[in-house]
Amino acid sequence: MGRLTGTLLRRGAAQATWLVAAMLIGMAALSGTASAEQPKPWELGFQPAATPITQRIHAFHDELLVIIFLITIFVLGLLLYVIVRFNAKRNPVPSRTTHNTLIEVLWTVVPVLILVTIAIPSFKLMYYMDRVPKESMTIKVTGHQWYWTYAYPDNGGFGFDSNMVEASSLKPGQPRILTADNPLVIPVDTNIRVQVTSTDVIHSFFIPSFGVQEYAIIGRLNEAWMRVLHPGTYYGECNQICGVNHSYMPIEVRAVSKADFQKWVVDAKKKFAADAPAPGPQPKPAPDAAPKLADADATTVAGN
Ligand SMILES: [Cu+2]
């Protein structure tokens, strides 16, 4: 009986070793291919970090993983020890011990110390994410049901809407539900202040590879910041349930070199000048345009 159990245990251990090895190889293969900045099928872990904030978030996550691993192993060890050492067969007459001051102090103080060790880097990271260090430009993001508006107040004050590209209109290589008709274009290596607000319900501006997630709340101006390290296309989504088309308001960000960004600004100003005005206070309409607006309003009111 003992020999049979031993054989079974050994076989189980061998199988478990193989399973763990296969999982590790699979994880290594997947992490090797996950080089882009968008979700991938069967992806494990985070999207690669694209900003200093995300790098710090990932480092903090890895630290926590070590702490969690050590705690789990310790608790598992204790459980196994108790199961083996204090089972009914070995202890026909159980001990009636109920209190041990030293152990009680230890299991209160040690977790407190662990939490403090976690809290210090956690708060440091929160404050780092909260304040933009010496920003060089601002972008205003406005959430709507169900699209985003991006405005560039210190680059000429132009703005534009960014809508999802329907699956039937996608070009090869464009990801479904993540591609936008007018992506948010930003320069790399620039501290960008992102102001986020909304006009209807609560949305959330979320770009995983930037470590940016900011609520878009009506009547409030929330703030985040980002500095993208490498040029590329990055994807995010609204991640606050905001209505029936919540999953169809993607965020596509194109990070380009500073020179390319300046070129894009010149083109974008012309391209979007003819479109609807950007959100925020608008210059007064020219005198010749005013009667037209008044007429339109009067018609609408009369029609109602
Ligand atoms: Cu939304």
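Residues numbered from 1 in each chain as written. Predicted model: local features only at pLDDT ≥ 70, side-chain atom pairs only at ≥ 80, totals over all residues.

**Q** In this structure, what is going on with the overall build of the protein chain? I would like to understand it.
**A** The helix and strand inventory of the protein chain stands at 5 helices and 10 strands. Residues counted as buried form 20% of the 304 residues belonging to the protein chain. Of the contacts formed within the protein chain by residues at least 6 apart in sequence, a portion of 66% connects residues at least 24 apart. (Helix = DSSP H or I, 4+ residues; strand = E, 2+ residues; numbered from the N terminus. Buried ≥ 20, exposed ≤ 12 C-beta atoms within 10 Å, placed from the backbone. Contact = placed C-beta atoms within 7 Å.)

**Q** Any chance you could explain the sheet that holds strand β3 (residues 158–162) here in plain terms?
**A** Pairing between the strands of a sheet is mediated by backbone hydrogen bonds and can be parallel or antiparallel. Spatially, the 5 strands line up as an open sheet ordered β3-β2-β1-β5-β8, and their pairing is mixed. Of all strands in the sheet, those with a lone pairing partner are β3 and β8 (222–226), marking the two edges. Adjacent strand axes in the sheet meet at a mean angle of 25 degrees when their direction is disregarded. The sheet contact formed by strand β2 (residues 147–152) and β3 spans 5 bridges and is antiparallel. Bridge assignment links Y152 to a residue of β3, and that residue is F158. (Pairing = 2+ DSSP bridges. Axes fitted to C-alpha atoms, helices over the stretch in contact; angles between N-to-C directions.)

**Q** Would you explain helix α2 (residues 52–85) in this entry?
**A** Along an α-helix, residues three or four apart share an orientation, since each turn contains 3.6 residues. For α2, with 34 residues, the first-to-last C-alpha span of 50 Å sits near the 50 Å given by 1.5 Å per residue. By the criterion of burial, α2 is predominantly exposed, with just 1 of the 34 residues buried. (Expected span 1.5 Å × (residues − 1).)

**Q** Even after reading the chapter, I still don't get the sheet that holds strand β7 (residues 212–216), so can you show me in this structure?
**A** If you trace the 5 strands from one edge of the open sheet to the other, you get β4-β10-β9-β6-β7, paired in mixed fashion. This sheet does not close on itself; its edge strands, each paired only once, are β4 (184–187) and β7. Each strand of the sheet is rotated relative to its neighbour by a mean of 25 degrees, with strand direction disregarded. One ladder, built from 4 bridges, connects β4 with strand β10 (residues 250–256); its direction is parallel. Bridge pairing in β10 links V185 to R254.

**Q** How should the pairing of strand β6 (residues 203–207) be read in this particular structure?
**A** Regular strands place side chains that alternate from one sheet face to the opposite one. Within β6, 4 of the 5 residues are buried, which leaves the element mostly enclosed by the surrounding structure. Where β6 meets β7, 5 bridges bridge the pair, whose relative direction is antiparallel. Directly across from H203, in β7, lies its bridge partner A216. What sits between β6 and β7 in their antiparallel hairpin is a turn of 4 residues, with G211 showing a positive phi close to 65 degrees. Here β6 pairs with strand β9 (residues 232–238) via 2 bridges, running antiparallel. Looking at the pairing, F206 lines up with E237 of β9.

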